[in-house]
Amino acid sequence: MIDDPVLIEDWHPVALVAQLADGGPIAARVLGEDLVVWRSGGEFFAWRDLCVHRGTRLSLGAVVDGTRLECPYHGWTYGTDGRCVLMPAHPDQAPPEKARVATFRAAEAYGVIWVSLGGGAGGIPKFQLLDDPAYHVLIAGPYRVRASGPRIVENFLDIGHFPFVHEGILGDRARPEIEDYQTTIGAEGVVSEGVKVFQPDPYATGEGSIVTYTYRVHRPLSASFIKHGEHSFGMLLSVTPHDAVDSTAWMWMAMNYEPQSPMVEFQDRIFAQDRPILESQRPEMLPLDLQAELHLRSDRTAIAYRRWLRELGVRTGAS
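1. A closer look at the overall build of the chain
When helices and strands are counted, the chain shows 5 helices and 17 strands. Taken over the C-alpha atoms alone, the chain extends approximately 75 × 45 × 35 Å along its principal axes. By residue count, 49% of the 319 residues in the chain fall in the buried class. Long-range contacts, defined here as pairs at least 24 residues apart, represent 57% of the contacts in the chain between residues at least 6 apart.

Following this line, the structure appears as structure tokens:
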């Protein structure tokens, strides 16, 4: 497991609930730790993906009777508390007390299974639009990308790239100006309000206009934005750090209107434009020393994000 107390304590998305409709198991990886994820009824479990007998991956096994996980090698079977309850070669022998799998916290929210390798005291990240019944919610991704988690979050917060990376969709290179806006760092993270950018056709009217956003960083690897207007649109991003520069981006879109076009396909297109940029950035780790790269006023959300990560002591994907 990667040594990062801040991210170990946090929650990370690992799988769609629909992937465990039959109980599983499936494999996942968080912070260098290989996991097996499975379900029993309405409960979800995340364990170290390792049978304590001969080190086989339990994710290759099977859920038995909906209540136990069986290793594929010698059939050692584990109950929901992680303790071995059956050794088939010696069915009458009680498994020793140390025949127990390392277990972690798992829970479901927003159609996804989340895992904490620590205590998970902060709870799963919240975004108010996802809990508002007036909003339609769609899941985009997950998107696997060879980039560090903080680099992906900073790209999400950056509107200055809209006119170039997403030209003709989210921005116009003829109108790249970014007005000043307000950014604060507080107990709840980073907040930027009054973030404005010109977009070619933000409301599907055929006309361009300036759009105002509010951006928030809720956790080191979770952020959101709300696009203001008569048609309100918001998105929550949460990045799973598999390893330092191997991540998966999960995105939830929320809107208070019926979309006129396939929104998931639209976000697939946007992320496909972001991916080569993210995978090309050097250094791969996000520099938290503000002297390491150059900054403009329009970068103040990113500057605040880097300062906040440094204050928290985040280690993974940052330098």
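On we go from here.
2. Describing the pattern of salt bridges
Counted under the stated rule, the structure contains 18 salt bridges. For the salt bridge of Glu97 with Arg100, the shortest nitrogen-to-oxygen distance reads 2.7 Å. Classification of Arg100 as partly exposed rests on a relative accessible area of 33%. Salt-bridge contacts for Arg144 lead to Asp246; the nearest nitrogen and oxygen are separated by 2.8 Å. Note that Arg144 is positioned in strand β11 (residues 136-145) and Asp246 in strand β17 (residues 246-255), a separation of 102 residues in sequence. You can call Arg144 partly exposed: its relative accessible area is 48%. Salt bridges here are not isolated pairs; linked through shared partners, they connect Arg29, Asp34, Asp49, Arg57 and Asp243.

3. Some remarks on unusual backbone geometry
With an omega of 5°, the peptide bond running from Gly24 to Pro25 counts as cis. Tracing the chain through its elements places Pro25 in the loop between β1 (12-16) and β2 (26-30). Positioned with a positive phi, Leu31 is a non-glycine residue whose angle comes to about 55°. Relative to the helices and strands, Leu31 is located in the loop between β2 and β3 (33-40). A positive phi angle, close to 55°, is found at Asp65, a residue other than glycine.

4. Overview of the packing of helix α2 (residues 149-157) against helix α5 (residues 300-312)
Taken N-terminus to C-terminus, the directions of α2 and α5 make an angle of 150°; their axes are 9 Å apart at the nearest point. Considering their axes alone, α2 and α5 lie roughly antiparallel with respect to each other. The handedness of the crossing between α2 and α5 comes out as right-handed. Contacts between α2 and α5 involve Pro150, Arg151, Val153, Glu154 and Leu157 on the former and, on the latter, Thr301, Ala302, Tyr305, Arg306 and Leu309. A per-class count over the contact of α2 with α5 returns 6 nonpolar, 1 polar and 3 charged.

5. Details of the side chain of Asp10
Within the secondary structure, Asp10 is located in the loop between α1 (5-9) and β1. Not counting residues within four places of it along the chain, the set of residues in contact with Asp10 comprises Val115, Ser116, Leu117, Arg219 and Pro220.

6. Comments concerning the environment of Pro259
Here Pro259 lies in the loop between β17 and α4 (263-280). You can call Pro259 partly exposed: its relative accessible area is 29%. For the pair formed by Pro259 and His136, sequence separation is 123 residues and the distance between their alpha carbons is 9.2 Å.

7. Looking at the sheet that holds strand β10 (residues 112-116)
The strand order across the open sheet formed by 6 strands is β1-β10-β9-β4-β3-β2, and the pairing between neighbours is antiparallel. A strand with exactly one partner marks an edge of an open sheet, and here the two such strands are β1 and β2. Geometrically, the sheet is characterised by an average inter-axis angle of 35° between neighbouring strands, direction not taken into account. Pairing of β1 with β10 involves 4 bridges; the strand directions are antiparallel. When the bridges of β10 are listed, Leu16 appears paired with Val112.

8. So, α4
Along its 18 residues, α4 runs 27 Å from first to last C-alpha, staying within 8% of the 26 Å computed at 1.5 Å per residue. Within α4, the full set of buried residues consists of Met263, Gln267, Ile270, Phe271, Asp274 and Leu278.

9. As for the sheet that holds strand β13 (residues 189-199)
Ordered by their spatial adjacency, 7 strands build an open sheet running β11-β17-β16-β15-β14-β13-β12, and the pairing between neighbours is antiparallel. Each edge of the sheet is formed by a strand with only one pairing partner; in this case those strands are β11 and β12 (182-186). Going across the sheet, the axis of each strand differs from the next one's by a mean of 20°, ignoring polarity. Judged from the 8 bridges that link them, β13 and strand β14 (residues 209-219) form a sheet pairing that is antiparallel. Bridge assignment links Ser192 to a residue of β14, and that residue is Tyr215. Sheet strands in contact with α4 are β11, β16 (233-243) and β17, and its direction is about 30° off that of β11. α5 contacts β12, β13 and β14 of the sheet and is inclined by roughly 10° relative to β12.

Reading guide: rules and limits
Residues numbered from 1 in each chain as written. Predicted model: local features only at pLDDT ≥ 70, side-chain atom pairs only at ≥ 80, totals over all residues. Heavy atoms only, no water. Helix = DSSP H or I, 4+ residues; strand = E, 2+ residues; numbered from the N terminus. Buried < 20%, exposed > 50% of the residue type's maximum accessible area, 1.4 Å probe, protein only. Contact = heavy atoms within 4.5 Å. Salt bridge = Lys/Arg side-chain N within 4 Å of Asp/Glu carboxyl O. Axes fitted to C-alpha atoms, helices over the stretch in contact; angles between N-to-C directions. Parallel < 35°, antiparallel > 145°, perpendicular 65-115°, else oblique. Left-handed = near helix turned anticlockwise from the far one by under 90°. Nonpolar A, V, L, I, M, F, W, Y, C, P; charged D, E, K, R; others polar. Pairing = 2+ DSSP bridges. Expected span 1.5 Å × (residues − 1).

Keep in mind these values describe shape, not function.
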